[in-house]
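For reference, the chains in residue letters:
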Amino acid sequence: MGLSKFKGVLVTLLVTTTLGSAVETQVTAQAATYTTDSSKSVTKMAYHKKSTTGAIYNQSHSKKVANLKTYPYTTWYVTKHATLRHGNSKGIYYYVQNTAGSVKGWVWHGYLKKGKSPFGLKYAKSAIAMNYTTGKTVWSKNANTARPIASVSKIMTLYLVLKKVDGSASNWNQVVDTSSQGLISMSQNSSVGGFVFHTGHKYTVKELYDAALLDSSNNAAIALGKWVAGSNAKFIQQMNAQAKSWNLGKANFVSASGLENSDLRTYGYAYGSANANMVSAKDVALIARHLIKDYPRILTDGAVGSKTIDGQLCYNYNNLLSGRKYAQASLNVDGLKTGYTPLAGYCFVGTGKMTGKQRVITVVLHDENEFTETRSLMNHAYESSSMAE
């Protein structure tokens, strides 16, 4: 048992009263300062947590640094051993720090086991890394479970838009009908809109394509769907037909934008019996693979940081792009699509191509640290020999 387990425990005492009856009383044991009997430096060695228990403290144990369960997939590097004494008890402790050196302190040796931590993602409920060239899975977590995917849904919408445009400049310049009062109202509500449709203004396919891709405009995506198929309902049917043609068994669409029907109903664009688009991480990756393969311009378009359209700034929230907060130059991230609703959580389908490696496609669903975990997932995928060019 680690000595730290004695800190703040409740000790039950049986106190006998003068009447001979037993009264149960609880008192809190006060932790004395830990003292060091001996300490020595050792050759740096990798360890990881053995279970969900355990914590890291400063050497005197007067301050807790971190709980091990907060770092489930962290490799801890040990450089010192020490025998620490607490009252009449003593134990062997290791001095550890993570790879970045941002967390360091002492932990009882019994909470650790030798070897680097197995790779994993702490926050993502579903995730996958896929080799773009082969379509094979490199790593996954609950990748076949269908989940709400929010605006990541737009990669299917944009695929069908690009399919109809078919490289034609005249198609890009076609004017899209944006006169629907429902779409105008949606565009004016910042919580569900994005890219305001001004009454009487004309917008081209290319303008709405950029607004949907970069600004993730829901009203732009719906308007584009109506342009492609003639109506919102017919377009969603096309989305599902396209998924079926690709044998995506874990993909069902009820929305061109990724908004749930509980929000769309207010604006007259609810469709189907389900509330949300339900797609697995693997099927999202496969949609992205088809999109990149059939319309590689999506990588150039998706790597644009921002663009002003009709006087409105369309900002790309992909924070793995070059120059952004979570960018890693060697990953060469050039896409692809973010998404968020309270139901779906933060979602992201990313792609990049490291020099000398195959292109990788990654998906994380319901992930509050979507960019840091995507970056970790990409780096892990590139450790696989299957990703060599």
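Scroll up to find the structure.
For every chain, the first residue of the written sequence is number 1, and numbering continues from 1 onward in sequence order. Two thresholds apply to this predicted model, a pLDDT of at least 70 for residue-level local features and 80 or more for giving and counting side-chain atom pairs, whereas whole-chain, interface and lining totals are computed over all residues. Side-chain descriptors were evaluated using all non-hydrogen atoms of the structure, hydrogens and water having been removed beforehand.

## Here's the deal with the overall build of the chain
Here is step 1: A run of DSSP states H or I qualifies as a helix once it reaches four residues; a run of E qualifies as a strand once it reaches two. Both are numbered from the N-terminal end. Along the chain, the regular secondary structure elements total 10 helices and 21 strands.
Here is step 2: To get the radius of gyration, use the C-alpha atoms; to get the globule rule, take the number of residues to the power 0.38 and multiply by 2.2 Å. The C-alpha radius of gyration of the chain comes to 27 Å, more than 25% above the 21 Å expected for a compact globule of 389 residues.
Here is step 3: Viewed in the frame of its principal axes, the chain has a C-alpha envelope of about 90 × 60 × 40 Å.
Here is step 4: A total of 389 residues make up the chain; the buried ones form 49% of that total. For the exposure calls, accessible area comes from a 1.4 Å probe over protein chains only, and a residue counts as buried if that area is under 20% of its type's maximum, exposed if over 50%, partly exposed in between.

## Here we look at the pattern of salt bridges
Here is step 1: Any Lys or Arg side-chain nitrogen found within 4 Å of a carboxyl oxygen on Asp or Glu counts as a salt bridge. Enumeration according to the criterion identifies six salt bridges in this entry.
Here is step 2: Each of Lys206, Asp210 and Lys307 takes part in a single network of salt bridges with overlapping partners.

## Section: the pairing of strand 18 (residues 312-315)
Here is step 1: Burial along strand 18 is one-sided: Gln312 and Cys314 are buried, and none of Leu313 and Tyr315, which face the opposite way, are.
Here is step 2: Bridge count for strand 17 (residues 306-309) against strand 18 is four bridges, and the pairing is antiparallel. Bridging from a neighbouring strand, serine 306 pairs with tyrosine 315 of strand 18.
Here is step 3: For two strands to count as paired, DSSP must find a minimum of two bridges between them. Where strand 17 hands over to strand 18, the hairpin turn is made up of two residues, of which aspartate 310 adopts a positive phi near 55°.

## Some thoughts on the side chain of aspartate 301
Here is step 1: Topologically, aspartate 301 is positioned in helix 9 (residues 297-302).
Here is step 2: Under the relative-accessibility criterion, aspartate 301 is labelled buried at 12%.
Here is step 3: A 3.5 Å cut-off defines polar contacts: any pair of N or O atoms within that distance qualifies, except that in protein one atom must be a possible hydrogen donor and the other a possible acceptor, and neighbouring residues in sequence count only when both atoms are side-chain atoms. Within the structure, aspartate 301 has its side chain in polar contact with the side chain of arginine 297 (distance 2.7 Å).

## Overview of the packing of helix 5 (residues 218-229) against helix 6 (residues 232-245)
Here is step 1: Where helices are involved, their axes are fitted lines through C-alpha atoms of the stretch in contact, as for all axes, and angles between N-to-C directions lie from 0 to 180°. In the contact formed by helix 5 and helix 6, the axes pass within 8 Å of each other and the chain directions differ by 85°. With respect to each other, helix 5 and helix 6 are oriented roughly perpendicular. Where helix 5 abuts helix 6, its residues Ile222, Gly225, Lys226, Val228 and Ala229 lie against Asn232, Lys234, Phe235 and Gln238. Note on angle classes: values under 35 degrees are labelled roughly parallel, values over 145 roughly antiparallel, values of 65 to 115 roughly perpendicular, and the remainder oblique. Throughout, a contact is declared for two residues whenever any of their heavy atoms are within 4.5 Å.

## Details of the environment of tyrosine 71
Here is step 1: Structurally, the position occupied by tyrosine 71 is in the loop between strand 5 (64-67) and strand 6 (76-86).
Here is step 2: Separated by 23 residues in sequence, tyrosine 71 and histidine 48 have C-alpha atoms that sit 9.5 Å apart.
Here is step 3: Among all residues touching tyrosine 71, those that are not within four sequence positions of it are Lys49, Ala66, Trp76 and Val103.

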